[in-house]
Amino acid sequence: YAARFFLEYTWRAFLSLGGVVLVVTGGEALYADMGHFGASPIRRGWFAVVLPALLLNYFGQGALLLADPTTVRSPFFLMAPNWAVYPLVALATLATIIASQALISGVFSLTHQAIQLGFTPRMEVRHTSAAAHGQVYLPFVNWVLLAACVGLVVGFRSSANLAAAYGVAVTATMLITTVLIVVYAAERWQWSRAKLFGLIGVFLLVDLHFLGANLIKVPAGGWFTLVAAALVFYLMTTWRLGRRTLSFKLRRGHQPLQALLNSLDRSGIRRIAGTGVYLFPNPGNVPPAFLANLRHNQAVHESVVFLAVRTEEVPRVPRARRDEVKHLGSRFFQVVLHYGFMENPDVPTELRQLMAEVAFDPLHTTYFLGKEHVIATPHEGMGGFQERIFNFMHRNARSAADYFQLPIDRVVEIGIPVEI
């Protein structure tokens, strides 16, 4: 029937794909908890519950429309007898709430990973489970979702008007996912081109047709999806570019750490009791906070730890590969901590694991952070408007002390002006 429909009504059949895709959307919500439950429960849930339910639902609506074409105005609710309409509305509302959890969980998880990989500013992240990884809550993102949801309802007014935006979003996501599978299969599985396009090319063909049919709906509401995606992309690339520019400016004036330590040994600088931990992302270079503290106080701590935290492009880093420790002499240490993008850095806990090696005493430790004060300049680095956006994001990012879970009463922040 489908083949005949496409042969007889080619253009109309193509346009109908924009509505057909809405039949299967929502099924992807099953995969939101793949990392928590594994593939087998997802497969069983699909074949035993979701697929039979979808078939019964849409076959029922199709039978109703064949028997009475006037029910096209609301076939789902008109399938039920009059007494069951209100219970069915309640059931549909509950289903909507349940389905929204997949969206909420996905946005929280993706934002958390984007923070770890350096694509968004630091935000407050609360772990909601002590046993399961990846179950997180981000208050700021939750409020943004609330505002966006209310704005969509007020702006579009009906689910029919919102269908265009929804169709573009889902089909574009399907296409992007397929492209990512192609990249992953080529780089990690080492698939040949023939195998790649022979198997995944089928998915690409389907995805492109669905997306093309939905792009026609851009003037009817699909524009919102494209605008929202462009805005998020712009903010993420602005933050990424700004951080790279900031890092480059900071590195440009650096001096090698070992050379400075050798000169301190010769000068016989005064040492005071306790441990000083200087957080700085570039191992081997002198942290600006260390230079500022040395210049103002003319002394350094008895033990000094130069600490860098790295986020790797893997979900989690095994405990055995977590830390690198390098002894620089005279009780100076260079420590590099490695975390996966699904993990939250906990600097004090990790340093306690290294107490014997780096002479770390939690009760007599001061953490020094460089607080960059970004100064926008007209002729350097980023464009003027983009600089202002980055400056706003930088000022409102979560503090590094909170992010690295440092004891707030033992943190000293030293201001560092940086022109970008």
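None of these values were measured; they are calculated from a predicted model. (Residues numbered from 1 in each chain as written. Predicted model: local features only at pLDDT ≥ 70, side-chain atom pairs only at ≥ 80, totals over all residues. Heavy atoms only, no water.)

1. Describing the overall build of the protein chain
What the protein chain contains, in helices and strands, is 16 helices and eight strands. The C-alpha radius of gyration computed for the protein chain amounts to 28 Å, which surpasses the reference 22 Å derived for 420 residues by more than 25%, pointing to a less compact arrangement than a globule. Judged by the C-alpha coordinates and their principal axes, the protein chain covers about 95 × 50 × 50 Å. Residue burial in the protein chain is summarised as follows: out of 420 residues, 34% are buried. Of the contacts formed within the protein chain by residues at least 6 apart in sequence, a portion of 74% connects residues at least 24 apart. Summing over all exposed atoms, the protein chain offers an accessible surface of approximately 25,100 Å²; the carbon and sulfur share of this is 65%. If the 35 positive side-chain charges of the protein chain are averaged to one point and the 25 negative ones to another, these points end up 4 Å apart. (Helix = DSSP H or I, 4+ residues; strand = E, 2+ residues; numbered from the N terminus. Rg over C-alpha atoms; globule rule 2.2 N^0.38 Å. Buried < 20%, exposed > 50% of the residue type's maximum accessible area, 1.4 Å probe, protein only. Contact = heavy atoms within 4.5 Å. Areas by Shrake-Rupley, 256 points an atom, 1.4 Å probe, with all protein chains shown as cover. Lys, Arg positive; Asp, Glu negative; His and termini not counted. Charge placed at Lys NZ, Arg CZ, Asp CG, Glu CD.)

2. Considerations on unusual backbone geometry
Even without glycine at this site, Arg 331 takes up a positive phi of about 65°. For Arg 331, the position within the fold is in the loop between β5 (323-329) and β6 (332-339). Looking at Arg 331, the relative accessible area reads 40%, which means it is partly exposed. Despite not being glycine, Gln 405 has its phi angle at roughly 60°, a positive value. When you line up the elements, Gln 405 lands in the loop between α16 (400-403) and β8 (411-419).

3. A closer look at the sheet that holds β5
The strand order across the open sheet formed by six strands is β5-β6-β4-β3-β7-β8, and the pairing between neighbours is mixed. Two strands lie at the open edges of the sheet, namely β5 and β8, each paired on one side alone. Each adjacent strand pair in this sheet contributes to an overall mean axis angle of 25°, direction not counted. As paired elements, strand β4 (residues 299-311) and β6 share eight bridges and run parallel to each other. What sits directly across from Val 305, in β6, is Phe 333. (Pairing = 2+ DSSP bridges. Axes fitted to C-alpha atoms, helices over the stretch in contact; angles between N-to-C directions.)

4. Description of the packing of helix α2 (residues 10-24) against helix α9 (residues 193-215)
The N-to-C vectors of α2 and α9 enclose an angle of 100°; their axes lie 8 Å apart at closest approach. When the axis of α2 is compared with that of α9, the two are roughly perpendicular. For the pair formed by α2 and α9, the contact residues are Phe 14, Leu 15, Leu 17, Gly 18, Val 20 and Val 21 on the first element and His 209, Phe 210, Gly 212, Ala 213 and Asn 214 on the second. Looking at the contact of α2 with α9 residue by residue, the class counts come to seven nonpolar, four polar and no charged. (Parallel < 35°, antiparallel > 145°, perpendicular 65-115°, else oblique. Nonpolar A, V, L, I, M, F, W, Y, C, P; charged D, E, K, R; others polar.)

5. Some words on the environment of Val 232
Summarising the element assignment, Val 232 is placed in helix α10 (residues 222-252). Val 232 sits in the partly exposed class, given a relative accessible area of 46%.

6. Structural notes on helix α8 (residues 159-187)
The first and last C-alpha atoms of α8 sit 41 Å apart over 29 residues, in line with the 42 Å expected at 1.5 Å per residue. Within the sequence span of α8, burial applies to Ala 163, Ala 164, Ala 165, Gly 167, Val 168, Val 170, Thr 171, Leu 175, Thr 178, Val 182 and Ala 185. (Expected span 1.5 Å × (residues − 1).)

7. Focus on the pattern of salt bridges
The tally for this structure, following the rule as stated, stands at five salt bridges. A salt bridge links Arg 319 to Asp 323, with the nearest nitrogen and oxygen atoms 3.3 Å apart. A relative accessible area of 24% places Asp 323 in the partly exposed class. Within this structure, Arg 319, Arg 322, Asp 323, Glu 343 and Glu 350 form a network of salt bridges that share partners. (Salt bridge = Lys/Arg side-chain N within 4 Å of Asp/Glu carboxyl O.)

8. Topic: a nonpolar patch on the surface
Together, Trp 143, Leu 146, Val 150 and Val 154 give the surface a local cluster of nonpolar side chains, amounting to about 440 Å² of exposed area. With respect to the helices, strands and loops of the structure, Val 150 is situated in helix α7 (residues 139-156). (Patch = residues over 30% accessible without salt bridge, like charges linked within 9 Å, V, L, I, M, F, W, Y side chains within 5 Å.)

These values are about where atoms sit, not about what they do.
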